[in-house]
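Structural overview for review
Spelled out, the chains give:
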Amino acid sequence: MTNPQSAISVQSVSKSFGRGDSAIKVLQDVAVEIGTREFFTLLGPSGCGKTTLLRLIAGFEELDSGSILIDGERVDHLPPFRRPVNTVFQNYALFPHLSVAQNVAFALEMQSLSRAEVIRRAGEALEMVRMAAFANRKPSELSGGQQQRVALARALAPRPKVLLLDEPLSALDLKLRKQMQIELKQLQAEAGITFVFVTHDQEEALTLSDRIAVMQGGRILQLDTPRAIYERPSHRFVADFIGDINLLEGKVDGGAIQLDCGASVAGNFGHAPGDRVTVAIRPERARLAKSGEGSFAAEVMHSAYLGTATLLQLRLADGREFLLRETRIGEGAAPPEKGSRVSVHLPDSALQVFAA
Amino acid sequence: MSAASPLRRMGLVAPALVIVLALVGVPLAIMAWVSLLERGATIGVTWDSAPSFANYTRLAWEEDFDGTMLLNPTYLIIQLRSVAQAFFTTVLCVLLGLPVALWMSSLSKNQRDIAVLLITIPFWTNLLVRNYAWLIILREDGAVSHFANAVWPFGPVQLLYNDTAILIGLVYSFLPFMILPIYSGFEKFDWRLLEAAYDLGANRRQALTRVVIPLAMPGIIAGSMLVFIPSLGSFVTAAILGGGKSLMMGNLIQLQFGQSRNWPFGAALSVVLLALMMLVLVGLALWRNRQGGKI
Ligand SMILES: Nc1ncnc2c1ncn2[C@@H]1O[C@H](COP(=O)(O)OP(=O)(O)OP(=O)(O)O)[C@@H](O)[C@H]1O
Ligand SMILES: [Mg+2]
């Protein structure tokens, strides 16, 4: 049942901390197959178990049940130093008694490479994160972002087959962060490293990843490509967590859904009559109605010009807010003014319906 | 701070300086001066004798009847033995103390407190009493002696009244002074660094030598000073467990001020002891500076 393509195979892994009644279930029956050279991202709110899953793969925690395979071999009984993975720690964990260069050279020295080779490859890794100028400093003499880049260089220097990155860019400013994102992605593709990447930043996850696992409360809710996660979220939580989305509650009434705001949507989307449901639609998929289209009325609260689009903040009949990102305003027509009334159309193909 | 602050600070520390000078500096100066004088007829010092280094020459040379100087290694051997004893005591304390401190820091909060308590309990009894206890433990017809003789394949083992006995006694007496500073260093130790070392491919031995020990170094150095210096000057342990046969510098000094009533020679020995300790301290300070002073 092992997929030969998988770099990492996590099979029904469970993990709790503490014993007896006070035990906290941190991971529950998690299963993931991560392909070779894949850029795989774990995304989820704080405390959902991302770091714990990485620590299990790296070998710093013991499994309660399940198994973990790397390149087809079971590793869950191996100590961390026998596993072919390196980690960029969430807290950096740089060695305070070693200089930046010595930190980066650490893993290379463990591999008993020649001195010249160690120096060359440590230099390369430092160059990549633009920290070569700081080679002789101690970690305590660096800023948080600089420490983070050293941690990245240290984990990259030994060229592991699998790299586990726990929010490796979180301390960088936006510009550097964007640059490092591009370089990480290039490096990952060129060197053929499998990345398991943890982030809070959903935009980062969407732009970098081959696949994303959205986690909540120790479970993987959805595991798919960024596009599928964004366009076809499997759960209301996933829809809400990733990107902006309007969530409209309502009830299935025969072949249609009667929304609480007064509007109705044709079709029951597989839900039984009488069920409470949530209809989700992205702001850019809703639009101002043309005449003759099914629509409902809303009041403009605020209108923001974004250059490529206009973002309208609307109020529905039941008082709820509704976001609408309209790209076609401006081709002659002036944007609706604050306080004016508009009619909104929800295209059927753009709707997602979840059991409430 | 204003420009006058160095002066003001001088004023504030002056009382302390005066006390240190009066209670440490002056006695030391007197001792150094006495070491240059001749002994008194029965006891004490001949204060009006001409100062000379005769007492220091006596450490290594002996005047023959015809006035020629002969090398007398007795005192040199005692000094060398003292330094060696103190050195091996320190090394053994590091080797025993480091694992104990490591183990202690892996305990839960409550267990740690108990461990610290257990380690300090020996201080509740007098050093003399503790050394006598070892006399009983190591005695010839005791269980330890029987056991040692049973497992040691190279002939009979004599545990008491020799250098081994002194070493055992010294290590026992000073081990807590090694464990506690190392342990206090480990309390602040970020154990995630150990995970990082493992992650980067270091096995347990490499993680220990490359990460744990370097970071424990301040504690090891502090502990080494706390063990080496008092070991070098100790005399109770050598007197009791060495049975008076294996002298250390402390015993020799005590002998001069006591039975031999040769205060100037005792003072000269004390000055040499002090110089040896200073040498160690300066050596350690230099070594630490070379390490960049960061650790
Ligand atoms: N050693 C531990 N003992 C007890 N509970 C723990 C331990 N480590 C983690 N937990 C708990 O497990 C849960 C998951 O923690 P984890 O660090 O995996 O979260 P995370 O998804 O990485 O969060 P963040 O995004 O904030 O880093 C949290 O509720 C945390 O309190
Ligand atoms: Mg985390």
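Residues numbered from 1 in each chain as written. Chains lettered and ligands numbered in written order. Predicted model: local features only at pLDDT ≥ 70, side-chain atom pairs only at ≥ 80, totals over all residues. Heavy atoms only, no water.

Overview of the side chain of Gln 206 of chain B
As a reminder of what qualifies: The helix and strand labels rest on DSSP assignments: H or I over at least four residues marks a helix, E over at least two residues marks a strand, and numbering proceeds from the N terminus. Exposure classes here rest on a 1.4 Å probe applied to the protein chains alone. A residue is buried below 20% of its type maximum, exposed above 50%, and partly exposed in between. Residues count as neighbours in contact if any of their non-hydrogen atoms are within 4.5 Å of one another.
Position of Gln 206 of chain B among the secondary structure elements: in helix α9 (residues 204–233). Its relative accessible area of 18% is what places Gln 206 of chain B among the buried residues. Ignoring anything within four residues of it in the chain, the contact list for Gln 206 of chain B reads Met 110 of chain A together with Gly 201 and Val 211 of chain B.

Quick notes on the layout of surface pockets
Cut-off, in case you're wondering: For cavity detection a 1 Å grid was placed over the protein atoms alone, and a set of points counts as a cavity when a 1.4 Å probe fits there but cannot get out; an open set counts as a pocket when protein lies on both sides within 12 Å along at least five of seven lines, with lining residues being those that have an atom within 4 Å of a point. Grid points are joined across faces, edges and corners, and a volume is the space filled by probe spheres set on the points. In this classification, Asp, Glu, Lys and Arg are treated as charged, Ala, Val, Leu, Ile, Met, Phe, Trp, Tyr, Cys and Pro as nonpolar, and every other residue, Gly included, as polar.
Estimated volume of the largest pocket: approximately 240 Å³. Lining the largest pocket are 16 residues, with Gly 59, Phe 60, Pro 79 and Pro 80 of chain A together with Tyr 198 of chain B sitting closest to its centre. Along the lines of polarity and charge, the residues of the lining of the largest pocket split into eight nonpolar, two polar and six charged.

Side note on the site of ligand 1
Residues and elements named next belong to chain A. Test applied: Near residues are defined by distance, with any heavy atom within 4 Å of the molecule or strand qualifying the residue. Residues adjacent in sequence count toward polar contacts only when both atoms are side-chain atoms; beyond that, a polar contact is any pair of N or O atoms within 3.5 Å, and within protein one must be able to donate a hydrogen and the other to accept it. Working definition of accessibility: Shrake-Rupley area with a 1.4 Å probe, residue cover restricted to the visible protein chains.
Every residue near ligand 1 is listed here: Phe 17, Val 26, Ser 46, Gly 47, Cys 48, Gly 49, Lys 50, Thr 51, Thr 52, Gln 90, Glu 167 and His 200. Ser 46 is positioned such that a nitrogen or oxygen atom in its side chain is 2.5 Å from an oxygen atom of ligand 1. Here an oxygen atom of ligand 1 sits 3.3 Å away from a polar atom, N or O, in the main chain of Cys 48. For ligand 1, whose unbound accessible area comes to 640 Å², protein coverage reaches 62%. Broken down by element, the shell around ligand 1 gets its largest block of residues, three residues, from helix α1 (residues 50–58).

As for the domain arrangement of chain B
Residue and element names in this part refer to chain B. Note the threshold: An automatic or database domain assignment provides the domain bounds reported here. Here's the idea: put two parts together, see how much 1.4 Å probe accessible area each one loses, and the total over both is what we call buried area. Each reported salt bridge corresponds to a side-chain nitrogen of Lys or Arg within 4 Å of a carboxyl oxygen of Asp or Glu.
The domain architecture assigned to chain B consists of domain 1 (4–38 + 49–71) and domain 2 (75–290). Computed over C-alpha atoms only, the centres of domain 1 and domain 2 are separated by 29 Å. Taken together, the contacts link twelve residues of domain 1 with 14 residues of domain 2. Across the interface of domain 1 and domain 2, roughly 1,100 Å² is buried in total on both sides, 76% from carbon and sulfur atoms. The three residues of domain 1 that bury the most area against domain 2 are Met 31, Arg 58 and Leu 59, which together make up 53% of that side's buried surface. Where domain 1 packs against domain 2, one counts zero salt bridges. Here domain 1 and domain 2 share one residue pair in polar contact (both at pLDDT 80 or more) between them. Put simply, the parts of the chain that give the side of domain 1 that touches domain 2 at least two residues each are α1 (5–34) and α2 (54–57). With four residues, the single largest contributor to the side of domain 1 that touches domain 2 is α1.

A word on the packing of aromatic side chains
Two numbers describe a pair of aromatic rings. These are the distance of the centres and the angle of the planes. Residues and elements named next belong to chain B. Selection rule: Note on ring pairs: Phe, Tyr and Trp rings are taken, using the six-membered ring of Trp, and paired if centres are within 6.5 Å. Classes follow the plane angle, with under 30 degrees stacked, over 60 edge-to-face and the rest tilted.
Evaluated as defined, the whole model comprises 18 aromatic pairs over all chains. Considering the side-chain rings of Phe 53 and Tyr 56, the 6.0 Å spacing of their centres and the 55 degrees angle between planes classify their relative orientation as tilted. Overall, the relative accessible area of 22% leaves Tyr 56 in the partly exposed class. A centroid spacing of 6.0 Å and a plane angle of 35 degrees characterise the contact between Phe 186 and Trp 191, whose relative ring orientation is tilted. Classification of Phe 186 as buried rests on a relative accessible area of 1%.

Side note on the side chain of Ser 9 of chain A
Residue and element names in this part refer to chain A. Mapped onto the fold, Ser 9 is located in strand β1 (residues 6–17). According to the relative accessible area criterion, Ser 9 is buried, its value standing at 2%. A polar contact is formed between the side chain of Ser 9 and the side chain of Gln 11, at a distance of 3.0 Å. Excluding residues within four positions of it along the chain, Ser 9 makes contact with Val 32, Glu 33, Ser 67, Ile 68 and Leu 69.

Some thoughts on the nonpolar core
A general trend in soluble globular proteins is that nonpolar side chains are found buried together. Stated formally: Remark: nonpolar core denotes a set of buried residues (Ala, Val, Leu, Ile, Met, Phe, Trp, Tyr, Cys) joined through side-chain atoms within 4.5 Å.
Formed by 71 residues in total, the largest nonpolar core has its most connected members in Leu 42, Phe 95 and Phe 106 of chain A. Of all the elements, helix α7 (residues 163–187) of chain B adds the most residues to this core, at ten residues. Not counting the four nearest positions on each side in its chain, Leu 42 of chain A is found in contact with Lys 50, Leu 53, Leu 54, Val 196, Phe 197, Val 198, Thr 199, Ala 213 and Met 215 of chain A. Formed by 36 residues, the second largest nonpolar core is a distinct cluster that contains Val 129, Ala 151, Leu 163 and Leu 184 of chain A.

Remarks on a nonpolar patch on the surface
Residues and elements named next belong to chain B. Applied cut-off: A residue counts toward a patch only above 30% relative accessible area and without a salt bridge, and it is joined to like-charged neighbours within 9 Å or, for Val, Leu, Ile, Met, Phe, Trp and Tyr, to nonpolar neighbours within 5 Å.
Taken together, the side chains of Ile 19, Val 20, Leu 23, Val 24, Leu 28, Leu 274, Met 278 and Leu 281 present a nonpolar region at the surface, about 700 Å² in accessible area. Of all the secondary structure elements, the ones that give two or more residues to the nonpolar patch are α1 and α12 (263–290). The element best represented in the nonpolar patch is α1, accounting for five residues. Tracing the sequence through the fold places Val 20 in helix α1. What makes Val 20 partly exposed here is its relative accessible area of 48%.

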